[in-house]
Amino acid sequence: MRTRTWTLLALFAILALPTPAAAGVPTDLVMADSMSGANFQTYFQKFVIPSIKQSLGINIKYLVTSDAEQIQKTRAWKPGQGDFHILFPKSIATWVKSGVPLETLNTTNIPNSAKIDPQYLKQDEGVELQSKAVLYWRTSYAMIHNSQNIKNPPKSWKEFYDRRAEFKGHIGLIRPDAKSSSAWRQRVVFLHAFLKEKMSRPLAQLQKDPAFQDAWNKLKDFTKYATAPLASEPVNLFENFNAGETWIALYAQDYALWSARQGTMPPTIKATYPEEGADELATSYFAVPAGIPPAYKEAAFRVVNYLLSDDQQVRLVSTMWQYPGTEVTDQIPGIVWEMIPKLDVLKKTAIPRDRIRKDMIDYIKGNVKELVP
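Residues numbered from 1 in each chain as written. Predicted model: local features only at pLDDT ≥ 70, side-chain atom pairs only at ≥ 80, totals over all residues. Heavy atoms only, no water.

Participant: How would you sum up the sheet that holds strand β1 (residues 28-33)? Please name residues and give values.
Facilitator: Pairing within the open sheet is parallel, and its three strands lie in the order β2-β1-β3. Since the sheet does not close on itself, it has two edges, and those belong to β2 (59-64) and β3 (86-88), each with one partner. Looking at each pair of strands side by side, their axes are set apart by 20° on average, direction ignored. As judged from the three bridges shared by β1 and β3, these two strands associate in the parallel manner. The residue of β3 that forms the bridge with D33 is F88. Across the sheet, helix α2 (residues 38-56) touches β1, β2 and β3, and the angle it forms with β2 is around 165°. (Pairing = 2+ DSSP bridges. Helix = DSSP H or I, 4+ residues; strand = E, 2+ residues; numbered from the N terminus. Axes fitted to C-alpha atoms, helices over the stretch in contact; angles between N-to-C directions. Contact = heavy atoms within 4.5 Å.)

Structural data, given as structure tokens:
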């Protein structure tokens, strides 16, 4: 599989034709990335940035950061003097709600955004995006288990809960106050399994529902059966898998498969999709801050549009097993589907987007003490 993947990369390199930067367009931009883990930080620096240089003649300085840090800095900018030009945030909803000015992105300045399913441009985490971002990738969470330890994985979350004693001490949970989005995704997906359509109700109303109280108590009880102490970050979760202490966890399918190839997860890792929708189509977006010089905005638009090109989107899924943000399924090599399910399969089990809400995420983060044994 590795050989075929690298063959695909070689073909992409041959097909990519250099396009020089237009006269007067800045050739040095800063990309602030608060989303990527180690796998995508490597991907951006090893493949994406050189490809931007070759195709657009633009140099990208890659900055790994956090949303909180950059929101604070951006608020202090003087108009037209911003010091980063492309934003790849952990939570675009947090940025939009923060009130920090972002450029309006549409098919005029980002033509390839026309290939994005409109539903993904309307809202994220229950927050209206107001055309301030464009989708780059979609990712799936799945029940990751070590098939060496678990021959018959749970087929549903309810079965998983009923069998919790069988896996006591071997369930991988990340602390709810961890930086990784898996900290809240694990809990949201668990709650959804017991609440389903009720998850779209206003939080104040939902909290009064006995069904929510029961699901929340189940979540607290379930946590007592996790590997202790709870993992502080994904790297700790992986270490626990490698040590044989953790056997099963809800985690990102792409990162788990990539890690198994890198040797940082057991090679016997497999993924399943419980019937209540353990698979959730998470989303990641690009944005352009408004407080940068006009010439830099034009250059940033060119880069973002390039990253939504068919070549880049096919490379994304063929290299990283990450579902593309644009509709390019018909161009994806067949060998990709030997590793991951097709996107239409995942859409059938994905949790509806209106049930993944920022107020619920904040509720989980605000009740950390109840969710740490």
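Participant: Report on helix α3 (residues 67-75), specifying residues and quantitative values.
Facilitator: Looking at α3, one finds that the buried residues are D67, Q70, I71 and T74. End-on view of α3: buried residues confined to an arc of 105°, all on one side of the axis. Residues of α3 that are exposed and angled more than 90 degrees away from the buried face: A68 and Q72. Buried residues belonging to α3 abut β2 and α4 (92-98). (Buried < 20%, exposed > 50% of the residue type's maximum accessible area, 1.4 Å probe, protein only. Arc of directions from axis to C-beta.)

Participant: So, the pairing of strand β6 (residues 134-146): which residues are in play, and what are the values?
Facilitator: In the case of a regular strand, side chains alternate between the two sheet surfaces. Of all 13 residues that make up β6, 13 are buried, and the element is covered over most of its length. Note: β6 against strand β10 (residues 281-286), six bridges, orientation antiparallel. Paired with L135 across the strands is Y285, a residue of β10. Strand direction decides the pairing type here: β6 and strand β11 (residues 323-324), joined by two bridges, are antiparallel. Looking across to β11, one finds that W137 is bridged to P324. Where β6 meets strand β8 (residues 248-252), five bridges bridge the pair, whose relative direction is antiparallel. In the sheet register, I144 faces β8, and the bridge partner there is A249. Bridging between β6 and strand β9 (residues 269-272) involves four bridges; their strand directions are antiparallel. When the bridges of β9 are listed, N146 appears paired with I269.

Participant: Tell me what's going on with the side chain of D124, and back it up with residues and numbers.
Facilitator: You can see D124 is positioned in strand β4 (residues 123-124). Of note is the side chain of D124, whose polar atom sits 2.5 Å from the side chain of T283. Residues within four places of D124 in sequence aside, it is in contact with I92, A93, L129, T283, Y285 and R353. (Polar contact = N/O pair within 3.5 Å; in protein donor to acceptor, adjacent residues only side chain to side chain.)

Participant: Would you mind going over helix α7 (residues 182-195) in detail, with residue names and values included?
Facilitator: Compared with the 20 Å implied by 1.5 Å per residue over 14 residues, the 19 Å span of α7 between its first and last C-alpha is a close match. A large share of α7 lies buried, amounting to 13 of its 14 residues. Backbone geometry just after α7 places K196 at a positive phi near 50°. (Expected span 1.5 Å × (residues − 1).)

Participant: Pulling in residues and values, what's your account of the packing of aromatic side chains?
Facilitator: What the rule picks out here adds up to 31 aromatic pairs. Seen in terms of ring centroids, W157 and F160 are 5.6 Å apart; in terms of plane orientation they differ by 35°. Their pairing is tilted. With W157 and F160 both in helix α6 (residues 157-162) and three residues apart, this pair spans about one turn of that helix. Across this residue pair, the class does not change: W157 and F160 are buried. (Phe/Tyr/Trp six-rings, centres within 6.5 Å; stacked < 30°, edge-to-face > 60°.)

Participant: An account of the packing of α2 against helix α12 (residues 294-307) is needed here, citing residue identities and associated values.
Facilitator: Running from amino to carboxyl end, α2 crosses α12 at an angle of 115°, the nearest separation of the two axes being 11 Å. With respect to α12, the element α2 is oriented roughly perpendicular. α12 is crossed by α2, and the crossing has right-handed handedness. Counted together, V48, S51, I52, S55 and L56 of α2 and R302, V303, Y306 and L307 of α12 form the full contact between these two elements. Within the contact of α2 with α12, the residues separate by chemical class into six nonpolar, two polar and one charged. (Parallel < 35°, antiparallel > 145°, perpendicular 65-115°, else oblique. Left-handed = near helix turned anticlockwise from the far one by under 90°. Nonpolar A, V, L, I, M, F, W, Y, C, P; charged D, E, K, R; others polar.)

Participant: Describe the environment of L129, naming the residues involved and giving the relevant values.
Facilitator: With respect to the helices, strands and loops of the structure, L129 is situated in the loop between β5 (127-128) and β6. Accessibility expressed as a relative area gives 0% for L129, which makes it buried. The sequence separation of L129 and A287 amounts to 158 residues, and the corresponding C-alpha distance is 11 Å. Each residue touching L129, except ones within four places of it in the same chain, is listed here: I92, V96, Y120, L121, K122, Q123, D124 and Y285.

Participant: How would you explain the pattern of salt bridges if you had to name every residue and give the values?
Facilitator: Within the structure shown, the criterion is met by 14 salt bridges. Ionic pairing is found between E159 and R163, a salt bridge with its closest N-O pair at 2.7 Å. Of the charged contacts, one joins R357 and D359 as a salt bridge, the two residues approaching to 3.0 Å between their closest N and O atoms. In this structure D359 comes out as partly exposed when scored by relative accessible area, which is 31%. Beyond isolated ion pairs, a larger network of salt bridges with shared partners links E159, R163 and E166. (Salt bridge = Lys/Arg side-chain N within 4 Å of Asp/Glu carboxyl O.)

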